[in-house]
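# A closer look at the structure
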Amino acid sequence: MTGSDGAEGIGRLFMKKTASSGETRTPRGGRSRGVPTGLSIGQQLAALRTRVRAMLANGLVSERGLASATGLSQPHIHHLLSGHRALTAGVADHLLACLELSLGELLGEDILGAEVDLLRNQAEPRTEVPMLSGSIGAGGSPPERSGETAVVPCHLLIGLRAPALVRIEPDAEMAVFLESVEFAVLDSARPIIPAIEGLYAVEAESRWMLRGLRQGRECTYLLTAGTWSRPSEWIRVPRFEPVGRVIPLPGFRL
């Protein structure tokens, strides 16, 4: 689309400010949902027992070989792996060393990565930001002040002057930017000077959409993921200021 082709479809675009008020904010939950709570020692030992059993079944090791490598008797190895005797941390460390198994191989990269993220998140400074109702994207209702707050890592807010958390709806035209994205930070501080690689919330036909922007002297160009590098297909509309800058938060959950 070029020129006025997309202007009518976009409809009336205008800036919508969220007015500040003296309302009391209610913190949004204490603990994040869907965040791993950490693997217990028992779970790790059970994972090792399961892995060694699989290696025995596949002929990769034998109980006799494990006994020779660890210095334990074969009956003792058998009872440990069958669960008739407790597998201690010391013996587990010995088995890991003998089998040259890493934690990633034992637990799986997804589980190990989640645990590392959990530890990092627990150690990282966090702060509360306003949380907006509604969402940005096709089919969503326009975001508004909700009186609630959400806790987010401080590093996500560096350089932002008026941040708020907002939900992101799926948008086929921006899918490449929104993989694993359920929430984003909206910075509505003025003035907004669109950056080349930035994403912005624009209001169109009573909903907010996520788009890239280019400001011309007398008009504004709206970009989707598919038209980002094709200027001839940018949608041209009367010049306006977006609702705010949007910073997607891949993987962030409440």
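Whatever comes next refers back to the structure up there.
Notes on the structure follow.

Calculation rules
- Throughout this description, residue numbers start from 1 for each chain and increase along the sequence as written.
- Only residues with pLDDT of at least 70 get local features here, since the model is predicted, and only at 80 or more are side-chain atom pairs given and counted; chain-wide, interface and lining totals rely on the full set of residues.
- With hydrogens and water set aside, each side-chain value is computed from the structure's full complement of heavy atoms.
- Working definition: helices are DSSP H or I runs of at least four residues, strands are E runs of at least two. Numbering for both runs from the N terminus.
- Three exposure classes are used, based on accessible area relative to the maximum for each residue type with a 1.4 Å probe and protein chains only: buried under 20%, partly exposed in between, and exposed over 50%.
- When checking whether two residues touch, look at their non-hydrogen atoms; a contact exists if any pair is within 4.5 Å.
- The method behind every accessible area is Shrake-Rupley, applied with a 1.4 Å probe, and residues are considered shielded solely by the protein chains displayed.
- Counted as a polar contact is a pair of N or O atoms within 3.5 Å, where, for protein atoms, one must be capable of donating a hydrogen and the other of accepting one, and residues adjacent in sequence contribute only when both atoms are in side chains.
- Here, a salt bridge means any Lys or Arg side-chain nitrogen found within 4 Å of an Asp or Glu carboxyl oxygen.
- When we speak of the arc, we mean the arc of directions from the helix axis to the C-beta atoms.
- The angle between two axes is taken between their N-to-C directions and runs from 0 to 180 degrees, where each axis is a line fitted to C-alpha atoms and a helix contributes only its stretch in contact.
- If an angle is under 35 degrees, it is roughly parallel; if it is over 145, roughly antiparallel; if it lies from 65 to 115, roughly perpendicular; otherwise it is oblique.
- Residue type decides the class: Asp, Glu, Lys and Arg count as charged, Ala, Val, Leu, Ile, Met, Phe, Trp, Tyr, Cys and Pro as nonpolar, and the leftover types, Gly among them, as polar.
- Classification of ring pairs rests on two measures: the distance between centres of Phe, Tyr or Trp rings, Trp counted by its six-membered ring, which must be within 6.5 Å, and the angle between planes, read as stacked under 30 degrees, edge-to-face over 60 and tilted in between.

Here the focus is the overall build of the protein chain. Assigned secondary structure in the protein chain consists of seven helices and ten strands. In the protein chain, which comprises 254 residues, the share counted as buried stands at 37%. Once local pairs closer than 6 in sequence are excluded, the contacts in the protein chain between residues at least 24 apart make up 65%. Working note: accessible area of the protein chain is about 14,200 Å², and carbon and sulfur atoms make up 53% of it.

Quick look at the side chain of Arg-211 now. Relative to the helices and strands, Arg-211 is located in strand β7 (residues 207-215). In terms of polar contacts, Arg-211 uses its side chain to reach the side chain of Asp-171, at 2.9 Å. At 3.1 Å, the side chain of Arg-211 forms a polar contact with the side chain of Glu-173.

Another aspect to go through is the pattern of salt bridges. Inspection of the entire model under this criterion finds six salt bridges. In this structure, Glu-182 and Arg-167 form a salt bridge, with 2.8 Å as the shortest nitrogen-oxygen distance. Here Glu-182, found in strand β5 (residues 181-187), pairs with Arg-167, found in strand β4 (residues 163-168); they are 15 residues apart in sequence, far enough to count as distant. Of the residues examined, Glu-182 reaches a relative accessible area of 26% and is grouped as partly exposed. Its relative accessible area of 28% is what places Arg-167 among the partly exposed residues. Across the pair Arg-211 and Glu-173 runs a salt bridge whose closest N-O atoms are separated by 3.1 Å. Note that Arg-211 is positioned in strand β7 and Glu-173 in the loop between β4 and β5, a separation of 38 residues in sequence. When its relative accessible area of 6% is taken as the criterion, Arg-211 is described as buried. Residue Glu-173 is classed as partly exposed on the basis of its relative accessible area of 44%. Within the structure, one salt-bridge network assembled from shared partners comprises Arg-167, Glu-182 and Arg-253.

Positionally, Ala-47 belongs in helix α2 (residues 41-57). Through-space distance from the C-alpha of Ala-47 to that of Leu-107 is 6.7 Å; in sequence the pair is 60 residues apart. Not counting residues up to four positions away in its chain, the partners in contact with Ala-47 are Leu-106 and Leu-107.

Cis geometry marks the peptide bond from Arg-190 to Pro-191; its omega dihedral reads -5 degrees. In this structure, Pro-191 sits in the loop between β5 and β6 (199-204). Here the phi dihedral of Glu-100 falls at roughly 55 degrees; this positive angle occurs in a residue that is not glycine. Residue placement: Glu-100 occurs in the loop between α5 (89-99) and α6 (103-107). Residue classification places Glu-100 among the exposed positions, given a relative accessible area of 69%. A positive phi angle, close to 60 degrees, is found at Ser-180, a residue other than glycine. Along the chain, the position of Ser-180 falls in the loop between β4 and β5.

This paragraph deals with α5. Among all positions in α5, only Val-91, Ala-92, Leu-95, Leu-96 and Leu-99 are buried. Viewed along the axis of α5, the buried residues span an arc of 140 degrees, placing them on a single side of the element. Those residues of α5 that are exposed and angled more than 90 degrees off the buried face are Gly-90, Asp-93 and Ala-97. Immediately downstream of α5, the backbone of Glu-100 shows phi near 55 degrees, a positive value.

Turning our attention to the packing of helix α3 (residues 63-70) against α5. For the pair α3 and α5, the least separation of the axes is 10 Å and the interaxial angle reads 105 degrees. By the angle between their directions, the pair α3 and α5 is classed as roughly perpendicular. The segment α3 lies against α5, with Leu-66, Ala-69 and Thr-70 engaging His-94, Leu-95, Cys-98 and Leu-99. Split into classes, the residues belonging to the contact of α3 with α5 amount to five nonpolar, two polar and no charged.

Bringing the packing of aromatic side chains into the picture now. Following the criterion strictly, the structure yields three aromatic pairs and no others. Seen in terms of ring centroids, Phe-177 and Trp-228 are 5.0 Å apart; in terms of plane orientation they differ by 50 degrees. Their pairing is tilted. Taken together, the residues span a long stretch of sequence, with Phe-177 in the loop between β4 and β5 and Trp-228 in the loop between β8 (219-223) and β9 (235-238) at a distance of 51 residues. Since its relative accessible area comes to 29%, Phe-177 is described here as partly exposed.

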